[in-house]
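Descriptive analysis of the structure
Listed here are the chains, written in short residue letters.
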Amino acid sequence: MNQLEILRFALRGLLANKMRSSLTTLGILIGVAAVIMLVAVGEGSSQSITRNIQRLGANTLTISPQFSGGGGGGGGGGMRAPGGGTNTGPRTQARQLSLADAKALTDRTLAPSVRSVSPVVTASSSTATYGAASHAISQFVGTYPSYFEAVNKPVSKGTYFFNDDVLAARKVVVLGQTVVEELFGTVDPIGKQVSVSGVPFTVVGVLKETGSTGMQDADDVAIAPLPAVQQSLSGFGSLSSIVVQASGADTTTAAQAEVTAILNQRHGIKNDNADYRILNQATLQETVSAATGTFTVLLGAVAAISLLVGGIGITNIMLVTVTERTREIGIRKAIGAPRSAILGQFLLEATLLSLVGGLSGVLVAFIGTRFTVAGIEPVLVPSSVALALGVSVGIGLFFGSYPANRAAKLRPIQALRHE
């Protein structure tokens, strides 16, 4: 008996009971589709998080206050302790970030890996009005021009403000897309004046649309020169944060070490109990990538259980098939069919069931990745498709081997007597 005859017998056996074959195929289909879809969702989530981190720049360090009693806001809040610190109970010598700290980080001798330093204050509860329209701006930032490049915020219309605007404390502002839409609608905002908590600011630029990052609208922002915001909105207190841009992605770690040494010296820190924290975007991205990679593998492993269940289903169906076709097996063996032909036929039937289910699962998963799942755009991973399809075929061979071997071992006389 040649291979074509074995294939013909296998196909005839599968088509003899289409309903049973369809149910078995469905189990593999669900398993393969689940594996591919969940891996795609995990990959989409990973890429989304990575993009959000990259928006801040891979070579960016964000320094912010870290102690229980420090407000860290633009207004400086908190009771001042002797020595210029904040009263935080046991840590009375803790100091908030200051403009002097930011200036110290620009020392090329002490920090050769630092490209730019942008002190930042944030004014809370800032309501902007233009004509009859008003909008509560989520984040009103006072900073230096270098901030735009450091945090990757290009303008789509108009321009940034410049160092001259900072020195003169000019009340000019660059608005995010959300603020522009809420205040101006379709009107060109460049050159228009908006009132922010009663203080007039002239719009000089509009930021390029960024999109939402999690629960926060990154476009609901306004950025103005630091002295203008301090004079009008936040007061001359401590800084909310300091954004440091390293000279390159490969010098970010060196820049962090230099910044740490300068701030430790200025704040009198001689141990690991610092009153500030440094967020390294490159390190954060590596950590998140590792975590989401583990998460994706876990999702795939959970989905693979359904493939195992599908394999058990193949075993049960094939055992039933062997039992029902015992007399047929006996007749074929009686007229000279070798054991390898019987074994090959039933193995081929199980493999075909898995292959058809696997290919159908790939098709379903491909269609499924065209849709957004829980706010995430799935990203099809080719290796997951190949792996899931390969595993499905392997499952057919593995779980079909026992019923096939059982059928091949039947003696012709016993098989012919079977009722």
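**Here we look at the overall build of the protein chain**
In terms of helices and strands, the protein chain carries 13 helices and 14 strands. By residue count, 46% of the 419 residues in the protein chain fall in the buried class. Restricting the contact set of the protein chain to residue pairs at least 6 apart, pairs at least 24 apart contribute 79%. Accessible surface, the protein chain as shown: approximately 20,300 Å² in total, 60% of it carbon and sulfur.

**What about the pairing of strand β13 (residues 241-246)?**
With six of six residues buried, β13 lies mostly within the body of the structure. Burial of the side chains of β13 extends over both faces: Ser241, Val243 and Gln245 are buried on one face and Ile242, Val244 and Ala246 on the other. Of the pairings in the sheet, the one linking strand β1 (residues 60-65) to β13 comprises four bridges and is antiparallel in character. Each residue of the ladder has a partner; that of Thr62, found in β13, is Val243. Sheet topology note: the strand β2 (residues 114-123)/β13 ladder contains six bridges and is antiparallel. In the strand pairing of β13, Val120 is matched with Ser241.

**Details of a nonpolar patch on the surface**
There is a patch of nonpolar side chains on the surface, built from Leu363, Phe366, Ile367 and Phe371 and spanning about 420 Å² of accessible area. Its location among the elements puts Phe371 in the loop between α11 (339-368) and α12 (382-408). The exposed category is assigned to Phe371, whose relative accessible area is 54%.

**Describing the nonpolar core**
Counting 43 residues, the largest nonpolar core has Ile63 and Phe140 as its most contacted members. In this structure, Phe140 is in contact with Val121, Thr122, Ala123, Ser126, Val173, Val196, Phe201, Ala222, Ala224, Val229 and Leu233, ignoring residues within four places of it in sequence. In terms of nonpolar packing, the next biggest core, distinct from the first, is built from 24 residues, Ile28, Leu353, Ala365 and Ala407 among them.

**With respect to the pattern of salt bridges**
Any two side chains of opposite charge can pair, so long as their charged atoms come close to each other. One pass over the full model with this rule turns up three salt bridges. Here Arg266 makes a salt bridge to Asp101, at a shortest N to O gap of 2.6 Å. With a gap of 165 residues between them, Arg266 in helix α8 (residues 252-267) and Asp101 in helix α3 (residues 99-104) connect regions that are remote in the sequence. On the accessibility criterion, Asp101 (0% relative accessible area) is buried. For Asp165, the salt bridge goes to Arg170, with nearest N and O atoms at 3.0 Å.

**What to know about the confidence of the model for the protein chain**
Close inspection of predicted coordinates is inappropriate for parts of the model with low pLDDT. Averaged over every residue, the pLDDT of the protein chain is 78; the share at 70 or more is 75%. Of all secondary-structure elements in the protein chain, the lowest mean pLDDT belongs to strand β10 (residues 212-213), at 56, while strand β7 (residues 172-175) reaches the highest, 95. Ignoring residues within four places in sequence, the model shows residues 68-92, a span with pLDDT below 50, making 54 contacts including any to other chains.

**So, the environment of Ser240**
Here Ser240 lies in the loop between α7 (226-234) and β13. When its relative accessible area of 12% is taken as the criterion, Ser240 is described as buried. Remark: the alpha-carbon pair of Ser240 and Pro119, spanning 121 residues in sequence, is separated by 8.1 Å. A polar contact is formed between the side chain of Ser240 and the backbone nitrogen of Thr122, at a distance of 3.0 Å.

**Remarks on α8**
Its 16 residues place the ends of α8 22 Å apart at the C-alpha level, agreeing with the 22 Å of an ideal helix rising 1.5 Å per residue. Among the residues making up α8, those that are buried are Thr252, Ala255, Glu258, Val259, Ile262, Leu263, Asn264 and His267. One or two positions beyond α8, positive phi appears at Gly268, with a value near 65°.

**Brief notes about the packing of aromatic side chains**
Tallying each qualifying case throughout the model produces five aromatic pairs. Judged by centre distance (4.4 Å) and plane angle (40°), the ring pair of Tyr130 and Phe184 falls under tilted. With Tyr130 in strand β3 (residues 126-130) and Phe184 in helix α6 (residues 177-184), the pair connects residues that are 54 residues apart, well separated along the chain. According to the relative accessible area criterion, Tyr130 is partly exposed, its value standing at 26%. Accessibility expressed as a relative area gives 5% for Phe184, which makes it buried. Relative to Phe148, the ring of Tyr147 has its centre 6.5 Å away and its plane inclined at 75°; by these criteria the two rings are edge-to-face. Judged by its relative accessible area of 9%, Tyr147 falls in the buried class. For Phe148, a relative accessible area of 1% gives the class buried. Here a set of aromatic residues connected by ring pairs shows up, and it is made of Tyr147, Phe148, Tyr160 and Phe161. The ring of Phe366 carries the charged tip of Arg370 above its face, separated from the ring centre by 4.7 Å.

**A closer look at α6**
α6 sits mainly inside the fold: six of its eight residues count as buried. All buried positions along α6 are accounted for by Gln177, Thr178, Val179, Val180, Leu183 and Phe184.

**Observations concerning the environment of Val309**
By secondary structure assignment, the location of Val309 is in helix α9 (residues 281-324). Residue classification places Val309 among the exposed residues on the basis of a relative accessible area of 53%.

About the cut-offs
- Residues numbered from 1 in each chain as written.
- Predicted model: local features only at pLDDT ≥ 70, side-chain atom pairs only at ≥ 80, totals over all residues.
- Heavy atoms only, no water.
- Helix = DSSP H or I, 4+ residues; strand = E, 2+ residues; numbered from the N terminus.
- Buried < 20%, exposed > 50% of the residue type's maximum accessible area, 1.4 Å probe, protein only.
- Contact = heavy atoms within 4.5 Å.
- Areas by Shrake-Rupley, 256 points an atom, 1.4 Å probe, with all protein chains shown as cover.
- Pairing = 2+ DSSP bridges.
- Patch = residues over 30% accessible without salt bridge, like charges linked within 9 Å, V, L, I, M, F, W, Y side chains within 5 Å.
- Salt bridge = Lys/Arg side-chain N within 4 Å of Asp/Glu carboxyl O.
- Core = buried A, V, L, I, M, F, W, Y, C linked by side-chain atoms within 4.5 Å.
- pLDDT = per-residue confidence, 0-100.
- Polar contact = N/O pair within 3.5 Å; in protein donor to acceptor, adjacent residues only side chain to side chain.
- Expected span 1.5 Å × (residues − 1).
- Phe/Tyr/Trp six-rings, centres within 6.5 Å; stacked < 30°, edge-to-face > 60°.
- Lys NZ or Arg CZ within 6 Å of the ring centre and 35° of its normal.

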